[in-house]
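Geometric and topological summary
The chain contents come next:
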Number of protein chains: 2
Amino acid sequence: MSIIVQKYGGSSVASTEKIKSIAENIAKRKKENSKIVVVVSAMGKTTDQYIDLAKDISDNPDKRELDVLMSTGEMISASLLSMSLNAIGCDSISYSAYQLDIKTSGLHGKSLIDDINTERIQKSLDEGKVVIVTGFQGINTDGDITTLGRGGSDTSAVALAVKLNGKCEIYTDVDGIYSTDPRKYEMAKKLDEIEYEEMLELASLGAQVMHCRSVELAQKYGVEIYVGRSCSNETGTYIRGGNKMKLEDKVITGLATSDNDSSITIKDFESKYISSLFEDIATKGISVDMISQTAPLDGKVGVSFTVLKEDLDECRKIVGDYSDEKNIIVDNNITKFSLVGLGMKNTSGVASKVFKIFNKNSIDVKLITTSEIRITCAINSQDKMIAINKIAKEFNL
Amino acid sequence: MSIIVQKYGGSSVASTEKIKSIAENIAKRKKENSKIVVVVSAMGKTTDQYIDLAKDISDNPDKRELDVLMSTGEMISASLLSMSLNAIGCDSISYSAYQLDIKTSGLHGKSLIDDINTERIQKSLDEGKVVIVTGFQGINTDGDITTLGRGGSDTSAVALAVKLNGKCEIYTDVDGIYSTDPRKYEMAKKLDEIEYEEMLELASLGAQVMHCRSVELAQKYGVEIYVGRSCSNETGTYIRGGNKMKLEDKVITGLATSDNDSSITIKDFESKYISSLFEDIATKGISVDMISQTAPLDGKVGVSFTVLKEDLDECRKIVGDYSDEKNIIVDNNITKFSLVGLGMKNTSGVASKVFKIFNKNSIDVKLITTSEIRITCAINSQDKMIAINKIAKEFNL
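Please read all numbers here as calculations on a predicted model, not as lab measurements.

This brings us to helix H1 (residues 16–31) of chain B. All names here are of chain B. Between its terminal C-alpha atoms H1 stretches 23 Å, which fits the 22 Å expected from 16 residues at 1.5 Å a residue. Of the positions making up H1, those classed as buried are Thr-16, Ile-19, Ile-22, Ala-23, Ile-26 and Ala-27. Along the long axis of H1, the arc covered by the buried residues comes to 140 degrees, so they all point the same way. Exposed side of H1, more than 90 degrees from the buried face: Glu-17, Lys-28 and Lys-31 are the residues found there.

Two copies of a chain can be linked by a rotation about an axis combined with a shift along that same axis. Mapping chain A onto chain B calls for a rotation angle of 180 degrees and an axial translation of 0.1 Å; the resulting RMSD is 0.1 Å. The relationship between the two copies is best expressed as a two-fold rotation axis. In terms of proximity to the rotation axis, the leading residue of chain A is A:Thr72, whose C-alpha is 2.7 Å off the axis. When the interface residues of chain A are mapped onto chain B, 100% of them again lie at the interface, so the same face is used by both copies.

We now examine the interface of chain A and chain B. If you look at the interface, chain A gives 40 residues, while chain B gives 40 residues. Across the chain A/chain B interface, buried area totals approximately 3000 Å², and carbon plus sulfur atoms make up 66% of it. Its largest share of buried area at the contact with chain B, chain A owes to A:Ile57, A:Glu65 and A:Met83, together 22% of the area lost on that side. Where chain A meets chain B, there are 2 salt bridges. A salt bridge links A:Asp144 to B:Arg120; its shortest N-O distance comes to 3.2 Å. Where chain A packs against chain B, one counts 21 residue pairs in polar contact (both at pLDDT 80 or more). Looking at the side of chain A that touches chain B, the elements that each hand over two or more residues are helix H1 (16–31), helix H2 (46–57), helix H3 (63–87), strand E3 (92–95) and helix H4 (97–100) of chain A. Tallying contributions element by element places H3(A) first for the side of chain A that touches chain B, with 16 residues. Its residues assigned to classes, the side of chain A that touches chain B comprises 19 nonpolar, 13 polar and 8 charged.

This next bit is on the UniProt feature "binding site: substrate" (unreviewed entry) in chain A. Residue and element names in this part refer to chain A. Using the residue numbers shown here, the UniProt feature "binding site: substrate" (unreviewed entry) corresponds to Thr-47 and Glu-74. In summary, the annotated positions, though distributed over 28 residues, converge in three dimensions, the widest C-alpha pair being only 9.3 Å. Position of Thr-47 among the secondary structure elements: in helix H2. What makes Thr-47 partly exposed here is its relative accessible area of 26%. By secondary structure assignment, the location of Glu-74 is in helix H3. Glu-74 gets classed as buried once you look at its relative accessible area, which sits at 3%. In contact with Glu-74, not counting residues within four places along its chain, are Val-40, Ser-41, Ala-42, Thr-134, Gly-135, Phe-136 and Gln-137.

Membership of the largest hydrophobic core comes to 94 residues, with the highest contact counts inside it found for A:Val37 and B:Val37. Not counting the four nearest positions on each side in its chain, B:Val37 is found in contact with B:Ile3, B:Ile4, B:Val5, B:Gln6, B:Ile121, B:Leu125, B:Val131, B:Val133, B:Leu160 and B:Leu164.

Residue and element names in this part refer to chain A. Between H1 and H3, the shortest axis-to-axis distance is 9 Å and the interhelical angle comes to 55 degrees. By the angle between their axes, H1 is oblique relative to H3. Considering the relative orientation of H1 and H3, their crossing is right-handed. Every residue of H3 that contacts H1 at Ile-19, Lys-20, Ile-22, Ala-23, Ile-26 and Ala-27 is listed here: Leu-80, Leu-81, Ser-84 and Leu-85. Its residues assigned to classes, the contact of H1 with H3 comprises 8 nonpolar, 1 polar and 1 charged.

Examined against the element boundaries, A:Thr306 turns out to sit in strand E16 (residues 300–308). Spatially, the C-alpha atoms of A:Thr306 and A:Leu66 are 25 Å apart, while their sequence positions differ by 240 residues.

Residues and elements named next belong to chain A. Phi is positive for Cys-231, close to 55 degrees, though the residue is something other than glycine. Non-glycine residue Ser-362 carries a positive phi angle of around 55 degrees. Here Ser-362 shows up in the loop between helix H11 (350–360) and strand E19 (365–371). Taking the relative accessible area as the measure of exposure, Ser-362 reaches 60% and is therefore exposed.

Another aspect to go through is the confidence of the model for chain A. Residue and element names in this part refer to chain A. The predicted model of chain A has a mean per-residue pLDDT of 88, with 95% of residues at 70 or higher. Here residues 244–248 is modelled with pLDDT under 50, and outside its nearest four sequence neighbours on either side it reaches 8 contacts, counting other chains as well. Both scores are available for the predicted complex, with the pTM at 0.75 and the ipTM at 0.74.

Right, let's talk about the environment of A:Glu394 for a bit. Here A:Glu394 shows up in helix H12 (residues 384–394). With 37 residues separating them in the primary sequence, A:Glu394 and A:Ile357 have C-alpha atoms 8.8 Å apart.

Moving on, we come to the side chain of B:Ser12. Residue and element names in this part refer to chain B. For Ser-12, the location among the structural elements is in the loop between strand E1 (3–8) and H1. A distance of 3.2 Å separates polar atoms of two side chains, one belonging to Ser-12 and the other to Ser-230. Beyond its immediate stretch of four places on either side in the chain, Ser-12 contacts Lys-18, Ile-22, Tyr-171, Thr-172 and Ser-230.

Residue and element names in this part refer to chain A. Within strand E18 (residues 334–340), 7 of the 7 residues are buried, which leaves it mostly tucked inside the rest of the structure. Neither face of E18 is open: one carries Ile-334, Lys-336, Ser-338 and Val-340, the other Thr-335, Phe-337 and Leu-339, and all of them are buried. Pairing analysis gives 5 bridges linking strand E13 (residues 254–258) to E18, with the strands arranged antiparallel. Along E18, the bridge assignment pairs Leu-255 with Leu-339. Both E18 and strand E20 (residues 374–380) contribute to a ladder of 7 bridges, which runs antiparallel.

This brings us to the sheet that holds strand E17 (residues 328–331) of chain B. Residues and elements named next belong to chain B. The strand order E15-E16-E14-E17 describes an open sheet built from 4 strands, whose pairing is antiparallel. Pairing within the sheet leaves two strands with one partner each, and these edge strands are strand E15 (288–293) and E17. The average undirected angle you get between the axes of adjacent strands in this sheet is 15 degrees. Running over the sheet, helix H9 (residues 274–283) touches strand E14 (261–270), E15 and strand E16 (300–308) and is turned about 15 degrees from E16.

Before going further, it helps to examine the pairing of strand E2 (residues 35–40) of chain B. All names here are of chain B. Most of E2 sits inside the fold, with 5 of its 6 residues counted as buried. As defined by bridge partners, E1 adjoins E2 across 6 bridges and the pair is classed as parallel. Bridging across to E2, Gln-6 finds its partner in Val-38. Between the parallel pair E1 and E2, the chain is carried across by H1, and the sense of this crossover is right-handed. With 4 bridges joining them, E2 and strand E6 (residues 130–134) adopt parallel strand pairing.

Rules used throughout
Along each chain, numbering runs from 1 in the same order as the chain's sequence is written. Lettering of chains starts at A and numbering of ligands starts at 1, both following the order in which they are written. Totals for whole chains, interfaces and linings use all residues, but because this is a predicted model, local features are given only for residues with pLDDT of at least 70 and pairs of side-chain atoms are given and counted only at 80 or more. Excluded from the side-chain calculations are hydrogens and water; all other atoms, namely the structure's heavy atoms, are used. In DSSP terms, a helix is any run of H or I states spanning at least four residues, a strand is any run of E spanning at least two, and both are numbered starting from the N terminus. Here a helix's expected span is defined as the number of its residues, less one, multiplied by 1.5 Å. Burial classes follow relative accessibility: with a 1.4 Å probe on protein chains only, a residue under 20% of its type's maximum area counts as buried, one over 50% as exposed, and anything between as partly exposed. Throughout, the arc means that of the directions going from the helix axis to the C-beta atoms. Residues reaching a pLDDT of at least 70 in both copies supply the C-alpha atoms on which the copies are superposed by least squares. What makes two residues a contact is simply this: any of their non-hydrogen atoms within 4.5 Å. By definition, the buried area sums, over both parts, the 1.4 Å-probe accessible area that each loses when the two are put together. What counts as a salt bridge is simple: a side-chain nitrogen of Lys or Arg found within 4 Å of a carboxyl oxygen of Asp or Glu. Nitrogen and oxygen atoms within 3.5 Å of one another constitute a polar contact, given that in protein one can donate a hydrogen and the other can accept it, and given that sequence-neighbouring residues count only through two side-chain atoms. The nonpolar class holds Ala, Val, Leu, Ile, Met, Phe, Trp, Tyr, Cys and Pro. Asp, Glu, Lys and Arg form the charged class, and all remaining residues, Gly among them, are polar. UniProt positions are given in the numbering used here, feature names are shortened, and annotations may be inferred rather than shown by experiment. Buried Ala, Val, Leu, Ile, Met, Phe, Trp, Tyr and Cys residues that are joined via side-chain atoms within 4.5 Å together make up what is termed a nonpolar core. A fitted line through C-alpha atoms represents every axis, and for helices the fit uses only the stretch in contact; the resulting angles, taken between N-to-C directions, go from 0 to 180 degrees. By definition in this entry, angles of less than 35 degrees are roughly parallel, angles greater than 145 are roughly antiparallel, angles of 65 to 115 are roughly perpendicular, and the rest are oblique. It is the rotation of the near helix from the far one that decides the hand of a crossing: anticlockwise by less than a right angle makes it left-handed, clockwise makes it right-handed. Note on scores: pLDDT gives the predictor's confidence for each residue, bounded by 0 and 100. Pairing between strands is defined by DSSP: at least two bridges between them are needed. The handedness of a crossover follows from its direction of travel: if, with the strands pointing away from the viewer, the path from the first strand over the helix to the second runs clockwise, the crossover is right-handed.

Written out as structure tokens, the structure is:
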């Protein structure tokens, strides 16, 4: 009997009504002779409410305690979903991170899963129970609760699928993966399938349904992920390895934008301190995304990079230790604009096409980074909509 | 350095503002050279909100999952209080039931504490930290979260004081223990001290600040309890053993009423099934309080007893298995009215005085139970206020 690991996001469990309808669906699915493990996120806006509570207490709340607070969100939705299944006669049991010994390492709020003990899950599955697991959380070597940060519940689900040798299904409030965000470009097309690598590039841009961590993990262990709308009959999108895919002759698969970043520019920076600066930033668990640097002149360089807005204050302080205030420029008004496609590997000229369109529409490009299958530009946020429309049309997304 | 175990009830941690002012008080207290452990309840109405959520899912929610849901309430307040202390520079760490291995036995929602591993607490105290502990919860032998039921957080606090050999302070939204409820009788007097036994009788009546479980535990291990208003300079009430008390020559110490019970009466009941009936009721974890039985006639008796209103439906079902429906009478309209005092032991005539007052004011007595230091009558709820006024005046409470 195959094991299916389903994950339901916050919007799918936002109310007791929604939880009850998910329970109905799970019970139906179980009758199709499957063993089902369900990973849940916190209900709707719970996480935001907790952040508000913590901010009421302190501008910089203790991170260990913040993780304790956050972890309760998934415990609430897990217990309610399990209650709901039991109430309709479908045996179920919920487990939290402690009970499954979901081992993590790394900083509070940004931990990584090291291992999961699946013994209790296997036992409960063998007893015919649907197993509900709290997503987004684990336990570190001190025995303290940790949270996994962005995309944490997706990562929990994929990790469980890896350990249980099962399939992974991510249920959310969209129909699947789109070539670009349908809320921003209404002619956006839903993809039937997408390669891990392409998904990874799209996901790492922060604007898509799946977070890159979970896709990376799935790719590493070859776990197929299905992404679709919860309680819907429409087919979603499969994320798979290349050998299972009918690779279409399409240069660009997707377009993504993200407003979650700020850029920091440092002028006249002593180039010998560059590595030490980025080391200090990394120690705090802050991810630096786009980096660009000018050629050194008299041992000094100009350097620009982007960080998530939530990390800006902390990062800004570190930069302040390295440079005169007058040489530091922060820009909060940027949008990351990215094009992704395996086809780019073999087709030159994508970049030049993009720059031509930007130029024609007076869109300034502030930073550029590229990979083999991706181009990302930082542009002014107010240029976002026109950039999406012009580029999506040009590349038939 | 002495260890103080403080407990703050739901109303004391109902908002982030209140949590912050409690944190200020704890930090001040710590400077007086004490090691402080703080047990917290869930914030304000959280528990009620959780019950509403669960009732939305099912009329009879799975009890194991209900405990998971309930336990998150204390995790939230514990993490916020610890954040709050850390924010004002008073080192603090929160622990949940899992981390302290608070071992429990018994049914979900009504578990009893078997033991607590205080190693982590001691270590954190030695590091100079204020330790925050989630009240009301534990872990059973299956490794599942359990809750302790009514008065659970008080019991957690006393149990910790026992294990840590510390003093116990219960902070709440009243000034201390009163001879009778000051909301019902405005001339009620606050007691400076009260004997365990008297407190136990008052507490067991459900109408007082402390729950009897915690008082029993304190009495068993000789832990002194202080009860007072949180963040107040007024002195509250000490609950102590007799040898520490200046025993006043007062017949009645307290008066308590409770509207939380219903009575069930069974007519023409085969007396041989009585023990089996009460065994079945006990198996479900339902406490039967007042029991009165008529003398057998042809092997049949009349039997009346009271149970908590929340247990009535379940208890009613069990009774239905034993008796014809026509012989079962349920009365939801009763108030338990009790007088407590160590002085009763040596003074006869308290009962006759009470009955005389009831008789003069046309108050029907439906059930009576007595102990050496207590008289409890079930009366019609509408007679409650007149009974309180007449009796309190007569006994100078």
